[in-house]
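Below, each chain spelled out in residue letters.
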Amino acid sequence: MWYHKPVINEELLQSLPNLKIVANSGVGIDHLDLKLLSSYGVKLSNTPFIVSTDTADMGMALMLASSRRLVEGYQMAVSPDTEYFPADWLGDELSGATLGIVGMGTIGYKVAERAKAFEMKILYHNRNQRNKDEERAVGAIYCKKIDDLLQRSDFVLLSVNLTPQTHKLIGKRELELMKPTATLINISRGLVVDQDALVEALQNKVIKAAALDVTYPEPLPRDHPLLKLKNVIITPHIGSATKKTRRLMMENMIESIQAGLTGLPIPNEVL
C-alpha cells in the first residue's frame, strides 16, 4: 500500500483468497481495519523506524518556519507591491522557549534531541514516562497531565498515533488552555486535532499560530478557512518525503513481503 491505495476492504479480500500480507508504507495504520485483515488470515507490516528522522526534521522545520514567519517573509520579499521592508515585522525566538511534545515515541524523542540543540526547555506528555537517563539526555520534564503541558508551552508539537483515544485529542478546551502566544505544530495525523475548533482559535487569537503537515482531508477543499489564514503554515504531508527515506521505505516493504510469502518472521509486523 502506498498513499492508502489500494483500499483494503472485504470485497478486495474476497477477491484475493491467496493474499498473505499487506505491506503498508509509513507508520500510520489508522486507515486499515485490523480485525478484518486478521479474520482473513492476512498479516500486516509497516515501516515505523525509517521515517522517524525525517519526520523529526520536519517538526523542527515547521517550528522554525512558523516562529520566524518564513512564508509571510518570502511573500513580502517577492511581492511586486513591496517598496520597503517594515522594521517592526518581527517573529519569535526558539532559543529559550518551552516546547511541549505530545507523544514521546521515536519521532517525539528525536524532536527533543533537535530542540535541545536550540536550547529549548522541553516538556512531554506520553502514555508512559521515559526512563530517567533518556529524560536527562534531552533535558525533558514529564507532564502526567496534558493540561499542564498545554498551559506551560510556547510551542505544542503533536507526534502521536491516531487511535480512538487520540482522535480530536486537541479540541476547543485544549486550545483554550494554551497560551495566546503559543503555536500548535502537527506532524502526526490531521484527525488528532479538531480542525473546526482550530480555525476558531486561530481566527479569535486564542492561540497565535499553527504549522500543519497533516490535515483532514488531504488536500483540504480549496475554500477551506485554514487556507485563508496568515497565521497558518500547511505542507502536503511530507514528513517522510526525502529520496533516501522513500527508497528505504520501499525496501522495507519488499523485505516484509518476501518474508510473508516464504513463512519467515516478518520485519515490522503489526500485531
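Residues numbered from 1 in each chain as written. Predicted model: local features only at pLDDT ≥ 70, side-chain atom pairs only at ≥ 80, totals over all residues. Heavy atoms only, no water.

**A look at the overall build of the protein**
Here's step 1: Each helix and strand in the protein was counted, giving ten helices and nine strands.
Here's step 2: Expected size for 271 residues packed as a compact globule is a radius of gyration near 18 Å; at 20 Å, the protein falls within 12% of this value.
Here's step 3: Principal-axis analysis of the C-alpha atoms places the extent of the protein at approximately 65 × 50 × 35 Å.
Here's step 4: For the protein, the share of sequence-separated contacts (at least 6 apart) that also reach a separation of at least 24 residues comes to 61%. (Helix = DSSP H or I, 4+ residues; strand = E, 2+ residues; numbered from the N terminus. Rg over C-alpha atoms; globule rule 2.2 N^0.38 Å. Contact = heavy atoms within 4.5 Å.)

**Section: the layout of surface pockets**
Here's step 1: Taken as a whole, the second largest pocket holds about 370 Å³ of empty space.
Here's step 2: Surrounding the second largest pocket, 20 residues form its lining, Arg69, Glu72, Lys230, Asn231 and Val232 being those nearest its centre.
Here's step 3: Among the elements of the structure, helix H3 (52-67), helix H4 (70-78), strand E8 (209-212) and strand E9 (232-234) are those that each provide at least two residues to the lining of the second largest pocket. (1 Å grid on protein atoms, 1.4 Å probe; cavity = no way out; pocket = protein on both sides within 12 Å on 5 of 7 lines; lining within 4 Å. Points joined across faces, edges and corners; volume = space filled by probe spheres on them.)

**What about helix H9 (residues 195-203)?**
Here's step 1: For H9, the complete set of buried residues consists of Gln195, Ala197, Leu198, Val199, Ala201 and Leu202.
Here's step 2: On its buried face, H9 sits against helix H8 (172-177), strand E7 (183-186), E8 and E9.
Here's step 3: Among the residues of H9, the N-terminal cap falls to Asp194, whose side-chain oxygen and the backbone nitrogen of Asp196 are separated by 3.2 Å.
Here's step 4: Looking one or two places after H9, you find Lys205, whose phi comes out positive at around 60°. (Buried < 20%, exposed > 50% of the residue type's maximum accessible area, 1.4 Å probe, protein only. Polar contact = N/O pair within 3.5 Å; in protein donor to acceptor, adjacent residues only side chain to side chain.)

**Here we look at the UniProt feature "domain: D-isomer specific 2-hydroxyacid dehydrogenase NAD-binding" (unreviewed entry) in the protein**
Here's step 1: Here the UniProt feature "domain: D-isomer specific 2-hydroxyacid dehydrogenase NAD-binding" (unreviewed entry) sits at residues 60-239.
Here's step 2: The span residues 60-239 is 32% helical and 16% strand by assignment, and the distance between its end C-alpha atoms comes to 11 Å. (UniProt positions renumbered as here; feature names shortened; annotations may be inferred.)

**Some words on the packing of aromatic side chains**
Aromatic rings in a pair are described by how distant their centres are and how their planes are angled relative to each other.
Here's step 1: Inspection of the entire model under this criterion finds one aromatic pair.
Here's step 2: Considering the side-chain rings of Tyr124 and Tyr142, the 5.2 Å spacing of their centres and the 50° angle between planes classify their relative orientation as tilted. Separated by 18 residues along the polypeptide, Tyr124 in strand E4 (residues 121-125) and Tyr142 in strand E5 (residues 140-142) bring together distant segments of the chain. (Phe/Tyr/Trp six-rings, centres within 6.5 Å; stacked < 30°, edge-to-face > 60°.)

**Digging into the environment of Thr235**
Here's step 1: Mapped onto the fold, Thr235 is located in the loop between E9 and helix H10 (243-262).
Here's step 2: Along the primary structure Thr235 and Gln14 are separated by 221 residues, whereas in three dimensions their C-alpha atoms are 37 Å apart.
Here's step 3: In contact with Thr235, not counting residues within four places along its chain, are Met58, Leu62, Leu212, Asp213 and Val214.

**Quick notes on the pairing of E8**
Here's step 1: Burial of the side chains of E8 extends over both faces: Ala209 and Ala211 are buried on one face and Ala210 and Leu212 on the other.
Here's step 2: Relative to E8, E7 runs parallel, the two being bridged by four bridges. In the strand pairing of E8, Thr183 is matched with Ala209.
Here's step 3: For the crossover that starts at E7, traverses H9 and ends in the parallel E8, the hand is right-handed.
Here's step 4: In the sheet, E8 pairs with E9 via three bridges, with the strands oriented parallel. Bridged to Leu212 within E9 is Ile234. (Pairing = 2+ DSSP bridges. Right-handed = clockwise from strand over helix to strand, strands pointing away.)

**Topic: the environment of Leu202**
Here's step 1: Examined against the element boundaries, Leu202 turns out to sit in helix H9.
Here's step 2: Along the backbone, Leu202 and Gly59 are 143 residues apart, and their C-alpha atoms lie at a distance of 20 Å.
Here's step 3: With near-sequence residues (within four places) excluded, Leu202 lies in contact with Ile207, Lys208, Ala209, Ala210, Leu226, Leu229, Asn231 and Val232.

**Overview of the nonpolar core**
Here's step 1: Leu175, Leu184, Leu198 and Leu226 are the most contacted members of the largest nonpolar core, which has 29 residues in total.
Here's step 2: Within the residue set of this core, elements represented by two or more residues are helix H7 (146-152), strand E6 (155-158), H9 and E8.
Here's step 3: When residues of this core are assigned to their parent elements, the largest contribution, five residues, is made by H9.
Here's step 4: Residues contacting Leu198, with those up to four places away along its chain left out, are Leu175, Leu184, Val193, Ile207, Ala210, Leu212 and Leu226.
Here's step 5: Membership of the second largest hydrophobic core comes to 27 residues, among which are Met60, Leu62, Leu99 and Ile187. (Core = buried A, V, L, I, M, F, W, Y, C linked by side-chain atoms within 4.5 Å.)

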